[in-house]
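Remarks on the overall topology
The residues making up each chain are set out below.
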Amino acid sequence: TGVADVTGAYLNAKMPETGRKVLMLLNKDVSQILTRVDSNYAKYKRSDGRIVVELKRALYGCVESAQLWYREVSSFLVSLGYTASSTDPCLFTAKDMMICLYVDDIFACGASQSQVATLFDKLHKKYGSVTKTISSKISYLGMTMEFSPKGYVDVKMDAYVDKLLAEHQVTRKVKTPASVDVFEIDVDSFE
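Let me begin by describing the structure that accompanies this report. Here the residue numbering is sequential within each chain, running from 1 through the sequence in written order. Where local features are concerned, this predicted model is filtered to residues with pLDDT of at least 70; where side-chain atom pairs are given and counted, the filter is 80 or more; whole-chain, interface and lining totals use all residues. Derived side-chain values reflect all non-hydrogen atoms in the structure, with water molecules and hydrogen atoms excluded from consideration.

A few points about unusual backbone geometry
Peptide bonds are trans in most cases, and residues, glycine excluded, mostly fall at negative phi. Put simply, the test is: Numbering of helices and strands starts at the N terminus; helices are DSSP runs of H or I of at least 4 residues and strands are runs of E of at least 2. We call a residue buried when its accessible area falls under 20% of the maximum for its residue type, exposed when it is over 50%, and partly exposed in between, using a 1.4 Å probe and counting protein chains only.
With phi around 40°, Lys95 is a residue other than glycine that occupies positive phi space. With respect to the helices and strands, the residue Lys95 is situated in the loop between strand S5 (91–94) and strand S6 (97–102). Judged by relative accessible area, Lys95 falls into the exposed class, the value being 88%. Of note in this structure, Gln169 is not a glycine but carries a positive phi near 55°. With respect to the secondary-structure elements, Gln169 resides in the segment after helix H4 (158–167).

Written as structure tokens, this is what we have:
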């Protein structure tokens, strides 16, 4: 099993060339840096020192960016032989592998760690910087999952539970909120 995060994932997706253009107003400081890097941009400076640019790549914060990134990465996974689930388009399978996408966080589970490593190497080759962890114990979306060789998985969300308890000022911890008589039926209460 493993998890990977594609650095600057959205920037790998191109904005559509047809349709509505997405323009961005660079502040004065960024505009000044841009003109120092390439003096050709000086002619685009507005009277207030800012520059308007057209986005050619998806950018975090744009409404369509998540969908553009999904199309990009899902197309790549399909090209590798994976099939998207008909019930959950963020779940991909191929032979002994399963991939789950959550924005730019990728969870992969395979018959061997070398399969997962091969997938992550392909992601790195395609998208550049990829932060990855391959282990029988991983963290993904706030969950800690530990996979046993016998096919069992232990899922914990200790940090989330601790945060939730602190937010609600719960100080007493017990193994279960159920009382000792949880399975006893009080027939008199049904009258």
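Quick notes on the sheet that holds strand S10 (residues 143–147)
Keep this limit in mind: Should DSSP find at least two bridges between two strands, the strands are taken to pair. All axes are obtained by fitting lines to C-alpha atoms, using only the stretch in contact for helices, and the reported angles, taken between N-to-C directions, cover 0 to 180 degrees.
Strand order across the open sheet formed by three strands is S9-S10-S11, with antiparallel pairing between neighbours. Each of the sheet's edge strands pairs with one partner strand only, and the pair in question is strand S9 (137–140) and strand S11 (153–156). Across the sheet, the mean angle separating the axes of adjacent strands is 20° when strand polarity is ignored.

Re the sheet that holds S5
Spatially, S4-S5-S6-S7-S1-S8 is the arrangement adopted by the six strands of the open sheet, whose pairing is antiparallel. A strand with exactly one partner marks an edge of an open sheet, and here the two such strands are strand S4 (83–84) and strand S8 (130–134). Relative to strand S7 (residues 105–110), S6 is paired through six bridges, and the arrangement is antiparallel. Across the sheet, Ile99 pairs through a bridge with Ala108, a residue of S7.

Section: the side chain of Ser74
Stated formally: Pairs of N or O atoms are called polar contacts if they sit within 3.5 Å, as long as, within protein, a hydrogen donor faces a hydrogen acceptor (for residues adjacent in sequence, only side-chain-to-side-chain pairs).
Relative to the assigned elements, Ser74 resides in helix H2 (residues 65–79). Separated by 2.7 Å, the side chain of Ser74 and the backbone oxygen of Tyr70 make a polar contact.

Regarding H2
We count it as follows: An expected span of 1.5 Å times one less than the residue number is assigned to each helix. Every residue pair with non-hydrogen atoms within 4.5 Å of one another is taken to be in contact.
Here H2 spans 21 Å end to end across 15 residues, near enough to the 21 Å set by a 1.5 Å rise per residue. For H2, every residue scored as buried is listed here: Ser65, Leu68, Trp69, Val73, Ser74, Phe76 and Leu77. Buried-residue contacts for H2 involve strand S1 (2–6), S5, S6 and helix H3 (113–127). Looking one or two residues beyond H2, the residue adopting positive phi is Gly81, at roughly 105°.

Quick look at the packing of aromatic side chains
Filter applied, for reference: Working definition: a ring pair exists when centres of Phe, Tyr or Trp rings (six-membered ring for Trp) sit within 6.5 Å. Plane angles under 30 degrees give stacked, over 60 give edge-to-face, the rest tilted.
Evaluated as defined, the whole model comprises seven aromatic pairs. Look at Tyr70 and Phe92: their rings are 6.5 Å apart centre to centre, the planes differ by 40°, and that puts the pair in the tilted class. Residue Tyr70 is found in helix H2, and its partner Phe92 is found in strand S5; the two are separated by 22 residues along the sequence. Three or more aromatic residues joined by ring pairs form one cluster here, namely Trp69, Phe76 and Tyr127.

With respect to the packing of H2 against H3
Using the following cut-off: Should an angle fall under 35 degrees it is taken as roughly parallel, and over 145 as roughly antiparallel, whereas 65 to 115 is taken as roughly perpendicular and any remaining angle as oblique. Each helix crossing is assigned a hand: it is left-handed if the near helix lies turned anticlockwise from the far helix by less than a right angle, otherwise right-handed if that turn is clockwise. Note that Gly is not counted as nonpolar here; it falls among the polar residues with everything else outside the nonpolar set of Ala, Val, Leu, Ile, Met, Phe, Trp, Tyr, Cys and Pro and the charged set of Asp, Glu, Lys and Arg.
At their nearest, the axes of H2 and H3 sit 12 Å apart, and the two run at 125° to each other. With respect to H3, the element H2 is oriented oblique. The handedness of the crossing between H2 and H3 comes out as right-handed. Each of Trp69, Glu72, Val73, Phe76 and Leu77 in H2 lies in contact with H3, whose residues at this interface are Leu119, Lys122, Leu123, Lys126 and Tyr127. Per-class residue counts for the contact of H2 with H3 are seven nonpolar, no polar and three charged.

Considerations on the environment of Lys21
Along the polypeptide, Lys21 turns up in the loop between S1 and strand S2 (23–26). Between the alpha carbons of Lys21 and Lys56 there is a distance of 8.9 Å; along the sequence they are 35 residues apart.

The values reported here are purely geometric and, on their own, carry no functional implication.
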